[in-house]
Amino acid sequence: MTALDTPAAPFAQRLRDATRAEHSDAESKGFITALMGGELGELDYWRLLGQYLPLYVALEEAIETAAARSALAASFHDPRLARAEAIRADLAARFGAAPVVDGVSLTAPLPATAAYADRIRSASVPALLAHHYLRYLGDLSGGQAIGALVARHYAVPREQLTMWDFSEIDAPKRVKDAYRARLDDITDPAVQEEFLAEAREGYRLAGALFAALDPR
């Protein structure tokens, strides 16, 4: 078999490889690195979670709507992955009915958050699935570690960390494997390219949010 005959990599692998630089850049932003390293304060974690709420609301509303009209979107829609209610519960457990600090609502979208949420709401199905992939597969893969780091560094109790609790999913690895298999079922080159382009944009938007949250 010649190089020209070599089959293309499965889409899940191609997606991971093609966005490695953007992924690394987003995760190396000073804010998220410092937060996970215990270098900031507890409030900085809650500021992040507060900004996540509008993003997950936008994503969960969009995927539910898309799943009703698109078989591709429906194949990825899994209500067990939804995080908005868990975020609301965590914020309520910490702050009560209104997560307000110094007169400012933690869930009031920053400009970077608003731009990110608007991008999700206006996305085509392939682009929407790129955001779905970035958020939920990332949560499943690193959520427990993030929860453990926040608990360790900022003494946040377990009952305020349900955002990172996927105990309703019996076998997260099996769910992730099935998710990647569904990615590999996407064979239309145009859909793949739109998905890849939006995944890169999603990492850029996440990095912009982290930069906007950096208190230093």
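Since we're looking at a predicted model, the values are computed, not measured.

Caption draft 1: Layout of the overall build of the chain. For the chain, the helix and strand inventory stands at 10 helices and two strands. In summary, the chain has a C-alpha radius of gyration of 18 Å against a globular reference of 17 Å for 216 residues, a match within 12%. For the C-alpha atoms alone, the extent of the chain along its principal axes is close to 60 × 35 × 35 Å. For the chain, buried positions account for 45% of its 216 residues. A fraction of 84% describes how many contacts in the chain between residues 6 or more apart in sequence connect residues 24 or more apart. When the accessible surface of the chain is totalled, it reaches about 10,600 Å², and 53% of it is carbon and sulfur. Each charge class in the chain can be summarised by its mean position, and for the 23 positive and 30 negative side chains these summaries are 2 Å apart.

Caption draft 2: The side chain of Thr 113, seen in detail. Among the secondary structure elements, Thr 113 is positioned in helix α7 (residues 111-121). Reaching out from Thr 113, the side chain makes a polar contact with the side chain of Gln 51 at a distance of 2.5 Å. When sequence neighbours within four positions are dropped, the list of residues in contact with Thr 113 reads Gln 51, Pro 54, Leu 55 and Leu 209.

Caption draft 3: Summary view of the packing of α7 against helix α8 (residues 125-154). With their axes 8 Å apart at the nearest point, α7 and α8 run at an angle of 125 degrees to one another. Classified by the interaxial angle, the pair formed by α7 and α8 is oblique. Two secondary-structure elements touch here, α7 through Tyr 116, Arg 119 and Ile 120 and α8 through Leu 128, His 131 and Arg 135. Considered class by class, the residues forming the contact of α7 with α8 number three nonpolar, one polar and two charged.

Caption draft 4: Spatial organisation of the nonpolar core. Within the largest apolar cluster, 68 residues are counted, with the highest numbers of intra-cluster contacts made by Leu 35, Tyr 52, Leu 183 and Phe 195. It is helix α4 (residues 42-67) that provides the largest number of residues to this core, a total of 14 residues. Discounting chain neighbours no more than four positions away, the residues touching Leu 35 are Leu 40, Gly 41, Asp 44, Tyr 45, Leu 48, His 153 and Tyr 154.

Caption draft 5: Highlighting unusual backbone geometry. Even without a glycine there, the phi angle at Asp 102 is positive, about 50 degrees. Residue placement: Asp 102 occurs in the loop between β1 (100-101) and β2 (104-105). Notably, Ala 155 is not glycine yet its phi reads approximately 55 degrees, a positive angle. Structurally, Ala 155 can be placed in the loop between α8 and α9 (172-184).

Caption draft 6: Geometry of the environment of Val 191. Relative to the helices and strands, Val 191 is located in helix α10 (residues 189-213). Setting aside residues up to four positions removed in sequence, Val 191 forms contacts with Leu 72, Pro 126 and Ile 186.

Caption draft 7: Focus on the confidence of the model for the chain. Taken as a whole, the chain shows an average pLDDT of 93; of its residues, 96% reach a score of 70 or greater. Long-range and interchain partners of residues 1-6, a stretch whose pLDDT sits below 50, account for two contacts in this model, where long-range means more than four residues apart.

Caption draft 8: The arrangement of the packing of aromatic side chains in detail. Scanning the model with the defined rule gives eight aromatic pairs in all. Their ring planes at 90 degrees and their centres at 5.4 Å tell us that Phe 11 and Phe 195 sit as a pair that is edge-to-face. Here Phe 11, found in helix α1 (residues 11-18), pairs with Phe 195, found in helix α10; they are 184 residues apart in sequence, far enough to count as distant. Judged by its relative accessible area of 2%, Phe 11 falls in the buried class. When its relative accessible area of 1% is taken as the criterion, Phe 195 is described as buried. Considering the side-chain rings of Phe 76 and Tyr 179, the 5.0 Å spacing of their centres and the 70 degrees angle between planes classify their relative orientation as edge-to-face. Of this pair, Phe 76 sits in helix α5 (residues 71-76) while Tyr 179 is found in helix α9, placing the two residues 103 residues apart along the sequence. This pair shows no difference in class: Phe 76 is buried, exactly as Tyr 179 is. An aromatic cluster is defined as three or more aromatic residues linked by ring pairs; in this entry it consists of Phe 11, Tyr 133 and Phe 195.

Calculation notes
- Residues numbered from 1 in each chain as written.
- Predicted model: local features only at pLDDT ≥ 70, side-chain atom pairs only at ≥ 80, totals over all residues.
- Heavy atoms only, no water.
- Helix = DSSP H or I, 4+ residues; strand = E, 2+ residues; numbered from the N terminus.
- Rg over C-alpha atoms; globule rule 2.2 N^0.38 Å.
- Buried < 20%, exposed > 50% of the residue type's maximum accessible area, 1.4 Å probe, protein only.
- Contact = heavy atoms within 4.5 Å.
- Areas by Shrake-Rupley, 256 points an atom, 1.4 Å probe, with all protein chains shown as cover.
- Lys, Arg positive; Asp, Glu negative; His and termini not counted.
- Charge placed at Lys NZ, Arg CZ, Asp CG, Glu CD.
- Polar contact = N/O pair within 3.5 Å; in protein donor to acceptor, adjacent residues only side chain to side chain.
- Axes fitted to C-alpha atoms, helices over the stretch in contact; angles between N-to-C directions.
- Parallel < 35°, antiparallel > 145°, perpendicular 65-115°, else oblique.
- Nonpolar A, V, L, I, M, F, W, Y, C, P; charged D, E, K, R; others polar.
- Core = buried A, V, L, I, M, F, W, Y, C linked by side-chain atoms within 4.5 Å.
- pLDDT = per-residue confidence, 0-100.
- Phe/Tyr/Trp six-rings, centres within 6.5 Å; stacked < 30°, edge-to-face > 60°.

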